Amino acid sequence: MKSAVETLNPTRVRLTVEVPFEELKDSLDAAYKKINQQVTVKGFRKGKIPARVIDQRFGRGAVLEEAVNDALPKFYTEAVNEAELNVLGQPEVDITELKDNETLNFTAEVDVRPTIEIPDYSGIEVEVDAIEVSDEDVDKAVEELRERFASTSPVERAAEDGDVVTIDLQAKVDGEVLEDGVANGVSYTIGSGELLEGIDDAVKGLEAGGEATFTSELKGGSAAGKESEVTVKVTQVAKRELPELDDDFAQLASEFDTLDELKADSRKRLENMKQYDQATQAQERVLEKLLELVEVPVPEKLLADEIQTRKHNLVNHQLGQMGLDLAKYLEIQGKTEEEFDAETKEQAEKGIKTQFVLDELVNKEKLNVNQEELTEHLMRRAQSSGMSPDQFAQAVVEGGQVPMLVGEVARGKALAVVVEAATVKDTKGEVIDLADEEEESAEAAESAESASAEEKTEA
């Protein structure tokens, strides 16, 4: 086999491959064997039909087609490896010549990773937000904790702001009650904004047994986005009672003995979370600066596929779960379809460039991923997906996605190398040493994720 490579542009090549006919022998034998198992000829046992009979009955062309289809992937792969190409996606193959007992010639056009030169990135400088935690921030955090320990007690009066009402709901569209438009015994805090627009005004002033009707746009369900006539009946009014902010509350809501200790811990937690946000901000801004330094051509087909994938995931997964379609989503966002397409293309292009540049850095810096790093990454991904580590690991292995996870970890390490080499200052002009903050930032991230998971569970 002989092959040659022609560069069509920085991200696409054409392979020209010439295969002597004798190298097709194994594929021809396999083709005859396959056809033997699929057909019957009177006078011959199944699987024992001579090749000349198959040629006569079914045509030599059918055998050649089967043999070529079997052989092409092997010869294409050999040509790619011989040229040391880093290909992307599937090739467009064209058989240019096929002469029986003489030769097979074909071309294959395919996208390839562009050659990227990583410049000196040690001069990158970025500015990030300073870490500032005010007394108001601490008070707000403690107040949110206090809200979680609120109790309720029924009252015999009209509902007011902040009360918890138990309600029955019935939604009609065009005068018809929706199949999924009835809900009874719903607990709702007036003013929380967690249900339908207009419900606060409807229930305020009602006592237990009171009823009101209002019009609202449905947020989910079979009639999401439609105007509905909603009837709400209050079955109970309860007053929310917050615990006193004192040492007893600190002992109830935490492991601390005094309110001052609880506030000090809240301040520390807020500082850690802001420290994590600061490190994340530094990574994002350093990456942006790095991408500005590197010329990265993007394959058109790869970009088109990435745009399509992002649209598909948004429409069929994220919006689908919220009962929205793309048109309604764009209306809520106040965007035109053209603006949405432009933003999606920009994000997809940045994602591809980021991967190319960081992968090149992985090779340049000779970065490796060990088992411990991979396991830690898998645990984080499992937590964010809502799956157990074992379930997530099984899904990753069965889906053949282990190399993808390894790539994610390696690219994270590559970005860390660039961030470490950069100069990061906060808005006060102070130089930030992110290496010193790494462990505390990770702890803050895990703490935030745990708190978020707990709140979802309680909700």
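Residues numbered from 1 in each chain as written. Predicted model: local features only at pLDDT ≥ 70, side-chain atom pairs only at ≥ 80, totals over all residues. Heavy atoms only, no water.

A. Broad picture of the overall build of the protein chain. If you tally the helices and strands in the protein chain, you get 14 helices and 11 strands. The C-alpha atoms of the protein chain give a radius of gyration of 32 Å, which is well past the 23 Å a tight globule of 459 residues would have. Across its three principal axes, the protein chain shows a C-alpha extent of roughly 95 × 65 × 40 Å. Of the contacts made within the protein chain by residues no fewer than 6 positions apart, 67% connect residues no fewer than 24 positions apart. (Helix = DSSP H or I, 4+ residues; strand = E, 2+ residues; numbered from the N terminus. Rg over C-alpha atoms; globule rule 2.2 N^0.38 Å. Contact = heavy atoms within 4.5 Å.)

B. Examining the sheet that holds strand 4 (residues 103-112) more closely. Here we have 4 strands laid out as an open sheet, ordered 1-2-4-3, and antiparallel in their pairing. Two strands lie at the open edges of the sheet, namely strand 1 (2-9) and strand 3 (87-99), each paired on one side alone. This sheet shows a mean twist of 20° between the axes of neighbouring strands, independent of strand direction. The pairing of strand 2 (residues 12-20) with strand 4 spans 9 bridges and is classified as antiparallel. (Pairing = 2+ DSSP bridges. Axes fitted to C-alpha atoms, helices over the stretch in contact; angles between N-to-C directions.)

C. Just the nonpolar core, in detail. Residues Ile124, Leu290 and Leu361 are the most contacted members of the largest nonpolar core, which totals 35 residues. Only strand 5 (125-128), helix 7 (259-293), helix 8 (300-322), helix 10 (337-365) and helix 13 (402-421) provide two or more residues apiece to this core. No other element matches the 7 residues that helix 10 contributes to this core. Residues in contact with isoleucine 124, not counting those within four places in the same chain, are Val286, Lys289, Leu290, Leu293, Val418, Ala422 and Thr423. The next biggest cluster of nonpolar side chains, apart from the first, holds 30 residues, and it includes Leu24, Leu28, Val39 and Val80. (Core = buried A, V, L, I, M, F, W, Y, C linked by side-chain atoms within 4.5 Å. Buried < 20%, exposed > 50% of the residue type's maximum accessible area, 1.4 Å probe, protein only.)

D. How the structure looks around the packing of helix 1 (residues 25-38) against helix 3 (residues 60-83). Contact pair helix 1 / helix 3: the axes reach a minimum separation of 8 Å and the direction vectors enclose 120°. In terms of axis orientation, helix 1 runs oblique to helix 3. With respect to the hand of their crossing, helix 1 and helix 3 are arranged in right-handed fashion. Contact residues: helix 1 offers Ser27, Leu28, Ala31, Tyr32, Lys34 and Ile35, while helix 3 offers Arg60, Val63, Leu64, Glu66, Ala67, Asp70 and Ala71. In terms of residue class, the contact of helix 1 with helix 3 is built from 8 nonpolar, 1 polar and 4 charged. (Parallel < 35°, antiparallel > 145°, perpendicular 65-115°, else oblique. Left-handed = near helix turned anticlockwise from the far one by under 90°. Nonpolar A, V, L, I, M, F, W, Y, C, P; charged D, E, K, R; others polar.)

E. Here's a closer look at a negative patch on the surface. Taken together, the side chains of Asp247, Asp248, Asp257, Asp260 and Glu261 make up a negatively charged region of the molecular surface. Residue assignment for the negative patch shows that the elements contributing at least two residues are helix 6 (247-253) and helix 7. Mapped onto the elements, aspartate 248 comes out in helix 6. (Patch = residues over 30% accessible without salt bridge, like charges linked within 9 Å, V, L, I, M, F, W, Y side chains within 5 Å. Areas by Shrake-Rupley, 256 points an atom, 1.4 Å probe, with all protein chains shown as cover. Salt bridge = Lys/Arg side-chain N within 4 Å of Asp/Glu carboxyl O. Lys, Arg positive; Asp, Glu negative; His and termini not counted. Charge placed at Lys NZ, Arg CZ, Asp CG, Glu CD.)

F. The arrangement of the confidence of the model for the protein chain in detail. In this model, the protein chain carries an average pLDDT of 89, and 95% of its residues clear a pLDDT of 70 or more. Within the protein chain, the element-level pLDDT minimum falls on helix 14 (residues 434-458), averaging 42, and the maximum on strand 5, averaging 96. Below pLDDT 50 for its whole length, residues 438-459 participates in 17 contacts with residues either more than four positions away or in separate chains. (pLDDT = per-residue confidence, 0-100.)

G. How the structure looks around the environment of glycine 162. For glycine 162, the position within the fold is in the loop between strand 6 (151-154) and strand 7 (164-173). The class for glycine 162 is partly exposed, based on a relative accessible area of 28%. In sequence terms glycine 162 and glutamate 22 are 140 residues apart; their C-alpha atoms lie 85 Å from each other. If sequence neighbours within four positions are ignored, glycine 162 has contacts with Thr189, Ile190 and Arg240.

H. Broad picture of the pattern of salt bridges. Evaluated as defined, the whole model comprises 29 salt bridges. Residue arginine 12 pairs with glutamate 92 through a salt bridge whose shortest N-O separation is 3.6 Å. Remark: glutamate 92 occurs in strand 3 and arginine 12 occurs in strand 2; sequence separation between them is 80 residues. Residue glutamate 92 is classed as exposed on the basis of its relative accessible area, which comes to 54%. Note that arginine 310 is salt-bridged to glutamate 306, the shortest N-O span being 2.9 Å.

I. Region of the structure containing the UniProt feature "domain: PPIase FKBP-type" (unreviewed entry) in the protein chain. Here the UniProt feature "domain: PPIase FKBP-type" (unreviewed entry) sits at residues 162-215. Here residues 162-215 is 9% helix and 54% strand, with 22 Å between the C-alpha atoms at its ends. (UniProt positions renumbered as here; feature names shortened; annotations may be inferred.)

J. Representation of unusual backbone geometry in the model. Backbone geometry places asparagine 101, a non-glycine residue, at a positive phi of 65°. Tracing the backbone shows asparagine 101 in the loop between strand 3 and strand 4. Among the residues examined, asparagine 101 registers a relative accessible area of 57% and is labelled exposed.

K. Looking closely at helix 11 (residues 371-385). With 15 residues, helix 11 ought to run about 21 Å at 1.5 Å a step, and its terminal C-alpha atoms sit 21 Å apart, in line with that. Among the residues of helix 11, those classed as buried are Leu374, His377, Leu378 and Ala382. Looking straight down helix 11, one finds that the buried residues subtend no more than 140° of arc, so they occupy a single side. Looking at helix 11, the residues exposed on the side facing more than 90 degrees away from the buried face are Glu372 and Ser384. Buried residues along helix 11 sit in contact with helix 12 (389-398) and helix 13. Put simply, asparagine 370 is the residue that caps the front of helix 11, since its side-chain oxygen is 3.2 Å from the backbone nitrogen of glutamate 372. Once helix 11 ends, the next one or two residues include glycine 386, with phi positive near 80°. (Expected span 1.5 Å × (residues − 1). Arc of directions from axis to C-beta. Polar contact = N/O pair within 3.5 Å; in protein donor to acceptor, adjacent residues only side chain to side chain.)

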